[in-house]
Amino acid sequence: MTTLGLEYIFDPELIVPSETAKSSIAFWARLWRRVEDRQPRLGAASLEGLLELWEDPPSHEVIAPADFQKLIGRLASRAIERGSPGHVVCAAHWLPAYKPSLGHEENPARLLRDLSGVPFGNAVFVSTVEECWTDLDAVPSCQACVGQRVYLDLPGGPTAVNIMRAEFLRTSHGDPKEISNAALVLFPHLVFSDVAWVGLSTLTGDKRELTVSLVRDLGVLNDHACAIWEQTVQNHERIQLMKTFDVVASPEGTKTHRSPRLMSQRDSLFSGVSRRCEWHTKLSPSINRIHFAVEGRIVYIGKIVDHLDTA
Ligand SMILES: [Zn+2]
């Protein structure tokens, strides 16, 4: 999968088994499960390992020949075209941190070769296995490695969408307008109204700072708002919980509520359906608002605007 500067690849641990694991059901069952994943692709060294398996297949007692062929076909079709320069991480930092579990003993070196073939323009997200990483602290401590933008898909680590947001901010020209083009990828759970982006030009302040705050607030709405709304129906508690993610948000005050005219400014059309987006995040204390509504598992973004009238 290549999306917005992120290449998602398999750790060779998942592809190339050790001699022992080649005849273990555990290895093949794990690979079957992982192939269902969000389409990680295969680096050059993993592909070589896969083709060696093709030459010398596992026993039909651990995997039926038809299933084996299907698996190889699905994986081989996901090979990455090599590009240069690729991602070169320090072997001295990565190799001691990584021990194959069911994978082949040469897999740590294979992983580094796979990384070196992923074009540097993309960050890399590695679909990996937690038990292989014996000393994770050693990996991110080196600036040279950090600069390679290689991330491991592990529990508690960054998610694909977090990485894409960081990549977006790294490569953006600091114009908030760029966000609208990438919104589907950066905020997959948000639904934007027909006019959501129309008021973007009314926001005031430094454009790069606005871009950063918009990505932060929309990111928190995407990642956490539904869970917060489910957790409590009390407005003051929702406000507090949003604050724990560094987002200031609130509904309108009583006076504004009393005016149907003012409240109707909070209505926006979503594919022809009107929704009231009264809650808003505040990018800065007195100006720049993201108006939204949470309904079930969906966050609707009505208007992104300097401010709407209040009483
Ligand atoms: Zn390093």
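All of the points below concern the structure found in this document.

About the cut-offs
- Residues numbered from 1 in each chain as written.
- Predicted model: local features only at pLDDT ≥ 70, side-chain atom pairs only at ≥ 80, totals over all residues.
- Heavy atoms only, no water.
- Helix = DSSP H or I, 4+ residues; strand = E, 2+ residues; numbered from the N terminus.
- Buried < 20%, exposed > 50% of the residue type's maximum accessible area, 1.4 Å probe, protein only.
- Contact = heavy atoms within 4.5 Å.
- Areas by Shrake-Rupley, 256 points an atom, 1.4 Å probe, with all protein chains shown as cover.
- Axes fitted to C-alpha atoms, helices over the stretch in contact; angles between N-to-C directions.
- Parallel < 35°, antiparallel > 145°, perpendicular 65-115°, else oblique.
- Left-handed = near helix turned anticlockwise from the far one by under 90°.
- Nonpolar A, V, L, I, M, F, W, Y, C, P; charged D, E, K, R; others polar.
- Arc of directions from axis to C-beta.

Scanning the chain from terminus to terminus reveals 13 helices and 11 strands. If one aligns the C-alpha atoms of the chain with their principal axes, the spans along those axes are about 75 × 40 × 30 Å. Split into buried and exposed, the 311 residues of the chain put 49% on the buried side. If you take every contact in the chain between residues at least 6 apart in sequence, the share linking residues at least 24 apart comes to 73%. Just so you have it, the chain exposes about 15000 Å², and 54% of that area is on carbon and sulfur atoms.

Following both chains from N to C, one finds helix α8 (residues 160–171) and helix α9 (residues 177–186) inclined at 165°, their axes separated by 11 Å at the closest point. By the angle class used here, α8 and α9 are roughly antiparallel. Viewed along their axes, α8 and α9 form a crossing whose handedness is right-handed. Where α8 approaches α9, its residues V161, M164, R165 and F168 are matched on the opposing element by E178, I179, A182, V185 and L186. Considering only residue class, the contact of α8 with α9 consists of seven nonpolar, no polar and two charged.

In this section: α9. Buried residues of α9: I179, A182, A183 and L186, and no others. Looking down the long axis of α9, one finds its buried residues gathered within 155° of arc, a one-sided arrangement. Residues N181 and L184 are exposed on α9 and point more than 90 degrees away from its buried face. Each element contacted by the buried residues of α9 is listed here: α8, β5 (190–192) and α10 (207–231).

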